[in-house]
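Chain by chain, the residues run as shown.
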Amino acid sequence: MTTTGRADDGLRLIPFRGLRYVPERVGSLAAVTSPPYDVVVRPDGLLHLESADPYNIVRLILPQAATPTARHQQAALTLEDWLSEGVLAPDPEPALYVYEQVGGGLLQRGLIGALALSEPSEGVVLPHEDVMPHVVEDRADLMRTTAAHFEPLLLTYHAETGANGSAAGLNGSAATGPGGAGAVIERTVQHEPLLATTTEDGYSHRLWAVTDPADLAAIQADLAHHQAVIADGHHRWATYLRLRSEQSGPGPWDFGLVLLVDTARYPLRVRAIHRLLHRLPVSEALAAVAETGAFRVRTFAVPLPDALDLLAEASAEGNAFLLAGDGRFHLLDRPDEDLLARTIRTDRPQAWRDLDATVLHSTLLDHVWRIPDAPEHIMYIHDTAAAVEQAERRGGTAVLMHPVREEVVRDLARQGVTMPRKSTSFGPKPATGLVLRSLTVS
């Protein structure tokens, strides 16, 4: 590890009394869940979730009102009403939760709990992306007003298996034996789950409570040897740290709701997050690229899957992007090396300098297009087809990205180097609404 601090302390995941929907009070568990707040980007998606069930969790994570203050107060009132009506109820005793997702040929299992917060310099939880202050401010006000964590962050750790079958910790010691976190998870999923549902994206979800003291102790002893990388939820982690700093002493704000996944057992998928440039038509974007000679440009009238294949081929050789919004796809590749040298900072590792997101922001956005990274200019969209559709509808430019490999993300995080914001989308992401954490329920 290149970070400093108390890395030997490792991860500390504690049980909590989860707030969960009472099945008899809602239409179905699937109808009250939602993707994470930052994936629900389109008004039609928000309306779809709101109409799925009057108690859909989107009314808490993305409340609707005229001002931010009113929105967050509305969420607090909604949470209070749902608790008093028995729509949500706390579990009878504190637990860690085993969470399973199955879909798209992928099986993921992990642990949901309240994780002790730490600064990046402590080397326990490592971010890999920068954050946007206005998003942190918004999430902080929501959490502060509701005194609740509605969505678990997705964190990964890597319990590499040694020659003796146990997992090696950060210091090379054997961290996971027969009673480690992995063994507890595999044993737990043999029992009847607390809940099981299948969401409209085709993924099935199951949740179990771990309350046995021996199991909890085995998990804590195991995780104490590991560090984690934030896969999804950088803004919420920054929010947790901000709210902790506002407290006068120890308390529930010292912990944040997370899902921890061991990627040695359950590798995640890494997808790109695309950019929608509201105020830049494709014709102007291409003209600026041609004027500066920044990239080679080739235009294709092909279906989206074929265009993404072309992007993947070009990305294997260097930085490449797809521009869309005028009914065709424009492949940008083979960037001018002199331009990259002039526009990309040199005080970062070469792996950071080579990132598509670095080149996009430092060279294209800042230098060629001169577009500030602000919400009125750039929207970040996870779904590729949605990015193209919105660009065509709004007369803007979609910049489609190729995913970063997970090992690049992890290596940069361990060096203490953060990537440009919204560089990656790890998944599958935990469904929002299956288990919540109230900071007032002990």
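The structure displayed is predicted, hence computed values, not measured ones.

Concerning unusual backbone geometry
Inference 1: In this structure, R334 is a non-glycine residue whose phi angle is positive, near 50 degrees.
Inference 2: Within the element layout of this structure, R334 appears in the loop between strand 20 (329-333) and helix 11 (337-343).
Inference 3: Positive phi, close to 55 degrees, is recorded for R370, a residue that is not glycine.
Inference 4: Mapped onto the elements of the fold, R370 is located in the loop between helix 13 (356-368) and strand 21 (378-381).

Some thoughts on the nonpolar core
Inference 1: Counting 120 residues, the largest nonpolar core has Y21, W237 and W369 as its most contacted members.
Inference 2: Every residue in contact with W369, bar those within four places of it in the chain, is listed here: L277, L280, A285, A288, V289, L323, L360, L364 and V399.

Comments concerning the packing of aromatic side chains
Inference 1: Per the counting criterion, the structure on display carries five aromatic pairs.
Inference 2: Arranged with centres 6.2 Å apart and planes meeting at 50 degrees, the rings of Y21 and W82 form a pair that is tilted. Pair noted here: Y21 is in strand 2 (residues 19-21) and W82 is in helix 4 (residues 68-85), with a separation of 61 residues, a long-range link.
Inference 3: The class for Y21 is buried, based on a relative accessible area of 4%.
Inference 4: Ring geometry for F295 against F321: centres 5.8 Å apart, planes inclined by 75 degrees, an arrangement best described as edge-to-face.

Quick word on the pattern of salt bridges
Inference 1: This structure, assessed with the given rule, holds 18 salt bridges.
Inference 2: D91 is the salt-bridge partner of R20, the closest N and O atoms lying 2.9 Å from each other. Linking R20 in strand 2 with D91 in the loop between strand 3 (88-90) and strand 4 (96-103), this pair joins segments that are 71 residues apart in sequence.
Inference 3: Looking at R20, the relative accessible area reads 14%, which means it is buried.
Inference 4: Judged by relative accessible area, D91 falls into the buried class, the value being 8%.
Inference 5: Two residues, E186 and R109, come together in a salt bridge whose shortest N-O distance is 2.9 Å. Taken as a pair, E186 in helix 6 (residues 181-188) and R109 in strand 5 (residues 106-116) lie far apart in primary sequence, 77 residues in all.
Inference 6: When its relative accessible area of 25% is taken as the criterion, E186 is described as partly exposed.

With respect to the confidence of the model for the chain
Predicted coordinates in areas of low pLDDT are best not read in detail.
Inference 1: Summary statistics for the chain give a mean pLDDT of 89 and a share of 92% for residues scoring 70 or more.
Inference 2: Confidence drops under pLDDT 50 across residues 1-8; counting only partners more than four residues distant or on other chains, this segment forms 27 contacts.
Inference 3: Segment residues 161-178 is flagged for pLDDT under 50; beyond a separation of four residues in sequence, or across chains, it makes 38 contacts in the model.

Observations concerning the pairing of strand 22 (residues 397-400)
Inference 1: Along strand 22, one buried face is formed by T397 and V399 and the opposite face, lined by A398 and L400, is buried too.
Inference 2: Two elements, strand 17 (residues 274-277) and strand 22, share three bridges in a ladder whose sense is antiparallel. Counted as the bridge partner of L277 is T397 from strand 22.
Inference 3: As defined by bridge partners, strand 19 (residues 321-324) adjoins strand 22 across three bridges and the pair is classed as antiparallel. If you follow A324 over to strand 22, its bridge partner there is A398.

Points about a negative patch on the surface
Inference 1: On the surface, a cluster of negative charge is contributed by D306, D309, E313 and E317.
Inference 2: When you line up the elements, D309 lands in helix 10 (residues 304-315).

So, the sheet that holds strand 18 (residues 296-300)
Inference 1: Pairing in this open sheet of six strands is antiparallel, and the strands run 18-20-19-22-17-21 from one edge to the other. A strand with exactly one partner marks an edge of an open sheet, and here the two such strands are strand 18 and strand 21. Strand-to-strand twist across the sheet, computed as the mean angle between neighbouring axes with direction ignored, equals 25 degrees.
Inference 2: Of the pairings in the sheet, the one linking strand 19 to strand 20 comprises four bridges and is antiparallel in character. Among the inter-strand pairings, F321 is bridged to a residue of strand 20, identified as L332.

Some remarks on the side chain of D91
Inference 1: Polar contacts involving the side chain of D91 include one to the side chain of R20, which spans 2.9 Å.
Inference 2: Sequence-distant contacts of D91, that is, excluding residues within four places in its chain, are made with R17, G18, R20 and Y97.

Topic: the environment of P63
Inference 1: Along the polypeptide, P63 turns up in the loop between helix 3 (58-61) and helix 4.
Inference 2: With 65 residues separating them along the chain, P63 and H128 place their C-alpha atoms 29 Å apart.
Inference 3: Discounting residues that sit within four places of it in the chain, P63 has contacts with V58, R71, H72, A75 and L142.

Some remarks on helix 6
Inference 1: Among all positions of helix 6, only A181, G182, V184, I185 and T188 are buried. Buried residues of helix 6, seen end-on, are gathered within an arc of 165 degrees and therefore sit on one face of the element.

Looking at the environment of E407
Inference 1: When you line up the elements, E407 lands in helix 15 (residues 406-414).
Inference 2: Sequence separation of E407 and L216 is 191 residues, and the distance between their C-alpha atoms is 30 Å.

Quick notes on the pairing of strand 20
Inference 1: With five of its five residues buried, strand 20 lies for the most part within the structure.
Inference 2: When strand 18 meets strand 20, the two strands line up antiparallel, connected through five bridges. Counted as the bridge partner of V297 is L332 from strand 20.
Inference 3: The antiparallel pairing of strand 19 with strand 20 creates a hairpin that spans four residues between the two strands, and G325 there sits at a positive phi of about 145 degrees.

Each value, and the rule that gives it
Residues numbered from 1 in each chain as written. Predicted model: local features only at pLDDT ≥ 70, side-chain atom pairs only at ≥ 80, totals over all residues. Heavy atoms only, no water. Helix = DSSP H or I, 4+ residues; strand = E, 2+ residues; numbered from the N terminus. Core = buried A, V, L, I, M, F, W, Y, C linked by side-chain atoms within 4.5 Å. Buried < 20%, exposed > 50% of the residue type's maximum accessible area, 1.4 Å probe, protein only. Contact = heavy atoms within 4.5 Å. Phe/Tyr/Trp six-rings, centres within 6.5 Å; stacked < 30°, edge-to-face > 60°. Salt bridge = Lys/Arg side-chain N within 4 Å of Asp/Glu carboxyl O. pLDDT = per-residue confidence, 0-100. Pairing = 2+ DSSP bridges. Patch = residues over 30% accessible without salt bridge, like charges linked within 9 Å, V, L, I, M, F, W, Y side chains within 5 Å. Areas by Shrake-Rupley, 256 points an atom, 1.4 Å probe, with all protein chains shown as cover. Lys, Arg positive; Asp, Glu negative; His and termini not counted. Charge placed at Lys NZ, Arg CZ, Asp CG, Glu CD. Axes fitted to C-alpha atoms, helices over the stretch in contact; angles between N-to-C directions. Polar contact = N/O pair within 3.5 Å; in protein donor to acceptor, adjacent residues only side chain to side chain. Arc of directions from axis to C-beta.

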